[in-house]
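Each chain, written out:
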Number of protein chains: 2
Amino acid sequence: MNLWTVARRMDGMKPSALREILRITERPDVLSMAGGLPASEGFAVNELRAACEAVLCREPAAALQYGPSEGWAPLRAWVAAHLRARGARVDEGQVLITSGSQQALDLIGKVLIDPGAPVAVELPTYLGALQAFDLFEPTYQGVATDAHGPLPGALAELDPACRFLYLVPNFQNPTGRLMPHERREAVVAAARGRGLPLVEDDPYGELWCDAPPPVSLQALWPQGVMLLGSFSKTLAPGLRLGWLVAPPTLFQKLLVAKQAADLHSASFTQRVVHEVLSQGVLAQRLPALRQRYRGQRDAMHAALTRHLPPGCEWQLPAGGMFFWLRLPPGCDAQALLPAAVEAGIAFVPGAPFFVQAPDPRCLRLSFVTLSASQIDEGVRRLACILRG
Amino acid sequence: MNLWTVARRMDGMKPSALREILRITERPDVLSMAGGLPASEGFAVNELRAACEAVLCREPAAALQYGPSEGWAPLRAWVAAHLRARGARVDEGQVLITSGSQQALDLIGKVLIDPGAPVAVELPTYLGALQAFDLFEPTYQGVATDAHGPLPGALAELDPACRFLYLVPNFQNPTGRLMPHERREAVVAAARGRGLPLVEDDPYGELWCDAPPPVSLQALWPQGVMLLGSFSKTLAPGLRLGWLVAPPTLFQKLLVAKQAADLHSASFTQRVVHEVLSQGVLAQRLPALRQRYRGQRDAMHAALTRHLPPGCEWQLPAGGMFFWLRLPPGCDAQALLPAAVEAGIAFVPGAPFFVQAPDPRCLRLSFVTLSASQIDEGVRRLACILRG
């Protein structure tokens, strides 16, 4: 007899394939190209130390007390101003501070997904979003993509009842691709024409190598786009702070879901983050971070070019953290993983990123956690395995 | 035309009545007995400052990086040892660190509640739990209670399909009542006999005035009880850290839900909290906190005795934060609230704490946020309103 009856929504839910792979690859002898862990050398440790001290000296009672579910007002205002400076059309009243942008995905699932309702995603799409949405039991519809993102024409084939299309226009996880401005306009026009709302997830936008990305989809269609962001990739993931910008009609619903989920994000870390932001830490540190990642990206591109056998395909990502590699016909990335771990490297097979028609030849390589020489050695080992 | 279609589970979800009242009563001229805000004078500010500094000097990379969804292993071990010292039967592998215990309620709703499934709660029960569970659309069954908690006989009347009974045995919110040991044994025996699992929420157990509470229900029936706890009332709510102890069969399901909800709780604050805990901050500070709250409790009891008109009923709580006041026949606490705010005081009407048959005569008074003289003045004003 089972004492505890588990809800139907948990049927088939498994620990994230990604986090399970990360666990395997925690062995210190593994050169891991699997995880998208930001470089810890980029963390503003001294600034954060000073900010903790300043916040706890200046306003200890408020920083350690319960706070508003919307988030701390000055941090909401900072996010709104930051986004407006990049072209988005955001009032601070539309900003909900979340416990990382993963939580924003959970809140969106709660507020917008009924069991069985269709939800559209890119092919492939971010695994963590699928994991968050899965609990609300949508029926996924995959949107075909090319090197520039979703094909606007593919939106015409979607079920008109689709609750939203989830997409990552900047340096997508897992493909690394960037939607050019023209594609953004075409996708927004197609979505608007069909009354299809968009959920725009932008954790990587600040991590550009060559040039800042085009303005966000939210700037093109404010009432039809929810915009998600995070401090995880620019400041530090271990603080678990992100945000969600919602059209005013939806804000109250998301706020109710946030209250129920965890009352509010930490008063203390919200103030600490605001403290370092107001001292200009992003402007001071992002150029070095971009340069660092650009160097690692170039090293991986060079290593792939140098070592891989003919028939492998990839694009040079213009930012973010990932290369998306397509192996020669007949290869299966998932099947290669045990040999890779045996050889002391790790990657993430691409299949779990697809809600339909997975491409078994694809895999994701992160370039942000290894040095240039480690990247070269890691790719060399991968090439050896491919050559069998 | 509505561009955004909202999920059915949001029908009827409203911002928490409690948080709306708290917003009204933020006016500095209001003597608020509404909120259960811990006394900020009790926060270990200097210890937390030192802990932030120590953590960021000692292990900045790990403290600011992504971490395991289960929580940081040393903090999980601390929680397990802390609970074992109080009689619970807990292995650290059963401890999931959550973003406040409100998040534990959300995870439990996700993992255990199907739409329409019966869930049992005390009459009255904690409003925040109802808010978390509501999103998963249970059918509530109220369990009759007396001054000692749920009536064991009332469990016989519950639908055998009830997913669990949620209860707060120590200084319950809102009633302040404590379940004596004999009642715990009787409730566990009745629940075990019916195969009814229990969710035991214990945010207030450390805040006893006179004597430590009896051992937890989890100690009496480890495989049938989930136990929730929090650092919000003992250290600081603004850090948003709590825990959930689950039987091993359920742990993996809750872990998957936690990953989907926010990946993990903040690496940084988990380490900061562990740092102050390992330096013995609870043992150092809890006696003073208990003494402080005991003084405020006694002041409220004296004020109620001194000022209230005949026909009012209350019990002296043995700990926690709240008095539960029953007004004379014919009174309606909700209807009195505007006059109370007008008179510069605030309380929480009792009706929203009942899933059925609300008692309109009841209201909740917090004794932890005002000084003894403010409590006397607040209760005097309440008595004036009651006298009309």
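The coordinates are above.
Residues numbered from 1 in each chain as written. Chains lettered and ligands numbered in written order. Predicted model: local features only at pLDDT ≥ 70, side-chain atom pairs only at ≥ 80, totals over all residues. Heavy atoms only, no water.

Draft legend 1. Seen up close, the relation of the copies chain A and chain B. For the pair chain A and chain B, the relating rotation is 180 degrees, the translation along its axis is 0.0 Å, and the fit reaches an RMSD of 0.0 Å. Here the two chains are linked by the operation of a two-fold rotation axis. Closest approach to the rotation axis within chain A is made by the C-alpha atom of C52(A), at a distance of 3.4 Å. Counting the interface residues of chain A, we find that 100% of their copies in chain B are interface residues as well, pointing to one common contact surface. (Least-squares fit on C-alpha atoms with pLDDT ≥ 70 in both. Contact = heavy atoms within 4.5 Å.)

Draft legend 2. Local environment of the side chain of R297(B). Residue and element names in this part refer to chain B. Along the polypeptide, R297 turns up in helix 11 (residues 281–307). The class for R297 is buried, based on a relative accessible area of 4%. Of the polar contacts made by the side chain of R297, one reaches the side chain of D298; its length is 3.1 Å. If sequence neighbours within four positions are ignored, R297 has contacts with C209, D210, L316, P317, A318, F323 and F367. (Helix = DSSP H or I, 4+ residues; strand = E, 2+ residues; numbered from the N terminus. Buried < 20%, exposed > 50% of the residue type's maximum accessible area, 1.4 Å probe, protein only. Polar contact = N/O pair within 3.5 Å; in protein donor to acceptor, adjacent residues only side chain to side chain.)

Draft legend 3. Inspection of the sheet that holds strand 9 (residues 225–230) of chain A at higher detail. Residue and element names in this part refer to chain A. The strand order across the open sheet formed by seven strands is 2-10-9-8-7-3-4, and the pairing between neighbours is mixed. With one partner strand each, in any of the chains shown, strand 2 (95–98) and strand 4 (139–143) form the two edges of the open sheet. Sheet twist, expressed as the mean angle between neighbouring strand axes with direction ignored, is 20 degrees. Of the strand pairs in this sheet, strand 9 and strand 10 (residues 242–245) are connected by four bridges, and their pairing is antiparallel. (Pairing = 2+ DSSP bridges. Axes fitted to C-alpha atoms, helices over the stretch in contact; angles between N-to-C directions.)

Draft legend 4. Quick peek at the packing of helix 2 (residues 45–58) of chain A against helix 10 (residues 267–278) of chain A. All names here are of chain A. Between helix 2 and helix 10, whose axes approach to 9 Å, the crossing angle comes to 120 degrees. It follows that helix 2 is oblique to helix 10 by the angle criterion. Helix-helix and strand crossings are classified by hand; for helix 2 and helix 10 the assignment is right-handed. The residues of helix 10 that touch helix 2, namely those facing E47, L48, A51, C52, A54, V55, L56 and R58, are F268, R271, V272, E275 and V276. (Parallel < 35°, antiparallel > 145°, perpendicular 65-115°, else oblique. Left-handed = near helix turned anticlockwise from the far one by under 90°.)

Draft legend 5. Inspection of the interface of chain A and chain B at higher detail. Listed by partner, the interface residues are 85 residues for chain A and 85 residues for chain B. The contact between chain A and chain B buries some 7100 Å² in all, and 63% of this surface belongs to carbon and sulfur atoms. On the surface where chain A and chain B come into contact, there are four salt bridges. When the shortest N-O distance is used, the salt bridge between E53(B) and R49(A) registers 2.5 Å. With nine residues, helix 9 (residues 248–262) of chain A is the largest single contributor of residues to the side of chain A that touches chain B. A per-class count over the side of chain A that touches chain B returns 46 nonpolar, 23 polar and 16 charged. (Buried area = accessible area lost by both parts, 1.4 Å probe. Salt bridge = Lys/Arg side-chain N within 4 Å of Asp/Glu carboxyl O. Nonpolar A, V, L, I, M, F, W, Y, C, P; charged D, E, K, R; others polar.)

Draft legend 6. Main features of the side chain of Q102(B). Checked against the element boundaries, Q102(B) lands in helix 5 (residues 101–112). For Q102(B), a relative accessible area of 3% translates into the label buried. When sequence neighbours within four positions are dropped, the list of residues in contact with Q102(B) reads Q259(A), A260(A), A261(A), D262(A), L263(A), Y126(B), G128(B), A132(B) and R240(B).

Draft legend 7. Region of interest: the pairing of strand 3 (residues 118–122) of chain A. All names here are of chain A. The element strand 3 is largely enclosed, with a buried count of five among its five residues. A crossover links strand 3 with its parallel partner strand 4, the connecting element being helix 6 (residues 127–134), and its sense is right-handed. Across two bridges, strand 3 lies against strand 7 (residues 165–167) in parallel orientation. Directly across from V121, in strand 7, lies its bridge partner Y166. (Right-handed = clockwise from strand over helix to strand, strands pointing away.)

Draft legend 8. How the structure looks around empty space enclosed by the protein. Within the structure shown, the criterion is met by nine cavities of 30 Å³ or more. Lining the largest cavity are 17 residues, and of these S99(A), A266(A), S99(B), R240(B) and A266(B) lie nearest its centre. Classifying every residue of the lining of the largest cavity by side-chain character gives five nonpolar, eight polar and four charged. In this structure, the second largest cavity encloses a volume near 50 Å³. Lining the second largest cavity are R9(A), P115(A), L135(A), F136(A), E137(A), R9(B), P115(B), F136(B) and E137(B). Of the residues assigned to the lining of the second largest cavity, the class counts are five nonpolar, no polar and four charged. (1 Å grid on protein atoms, 1.4 Å probe; cavity = no way out; pocket = protein on both sides within 12 Å on 5 of 7 lines; lining within 4 Å. Points joined across faces, edges and corners; volume = space filled by probe spheres on them.)

Draft legend 9. The pattern of salt bridges, seen in detail. Inspection of the entire model under this criterion finds 44 salt bridges over all chains. Connected through salt bridges with shared partners, the residues D106(A), K110(A), D106(B) and K110(B) form a single ionic network.

Draft legend 10. Spatial organisation of the sheet that holds strand 14 (residues 362–366) of chain B. Residues and elements named next belong to chain B. With respect to topology, three strands assemble into an open sheet ordered 11-14-13, the strand pairing being antiparallel. Strands with a single pairing partner mark the edges of an open sheet, and in this sheet they are strand 11 (322–326) and strand 13 (348–349). Across five bridges, strand 11 lies against strand 14 in antiparallel orientation. Note on strand 14: the bridge partner recorded for F322 is S366. Sitting on the sheet, helix 11 touches strand 11 and strand 14, and the angle it makes with strand 11 is about 15 degrees.

Draft legend 11. Representation of the pairing of strand 10 (residues 242–245) of chain B. Residue and element names in this part refer to chain B. Across the two faces of strand 10 the burial is the same, with G242 and L244 and W243 and V245 all buried. Bridge count for strand 2 (residues 95–98) against strand 10 is four bridges, and the pairing is antiparallel. Counted as the bridge partner of I97 is W243 from strand 10.

Draft legend 12. Just the packing of aromatic side chains, in detail. One pass over the structure, following the stated rule, counts 16 aromatic pairs over all chains. Between F323(A) and F367(A), the aromatic rings sit 5.7 Å apart at their centres with planes inclined by 80 degrees, giving edge-to-face as the arrangement. Residue F323(A) is found in strand 11 (residues 322–326), and its partner F367(A) is found in the loop between strand 14 (362–366) and helix 13 (372–387); the two are separated by 44 residues along the sequence. By relative accessible area, which is 0% here, F323(A) ends up buried. Judged by relative accessible area, F367(A) falls into the buried class, the value being 0%. Relative to Y166(B), the ring of F133(B) lies with its centre 5.6 Å away and its plane at 85 degrees, an arrangement referred to as edge-to-face. Of this pair, F133(B) sits in helix 6 (residues 127–134) while Y166(B) is found in strand 7 (residues 165–167), placing the two residues 33 residues apart along the sequence. The class of F133(B) is buried, set by a relative accessible area of 0%. (Phe/Tyr/Trp six-rings, centres within 6.5 Å; stacked < 30°, edge-to-face > 60°.)

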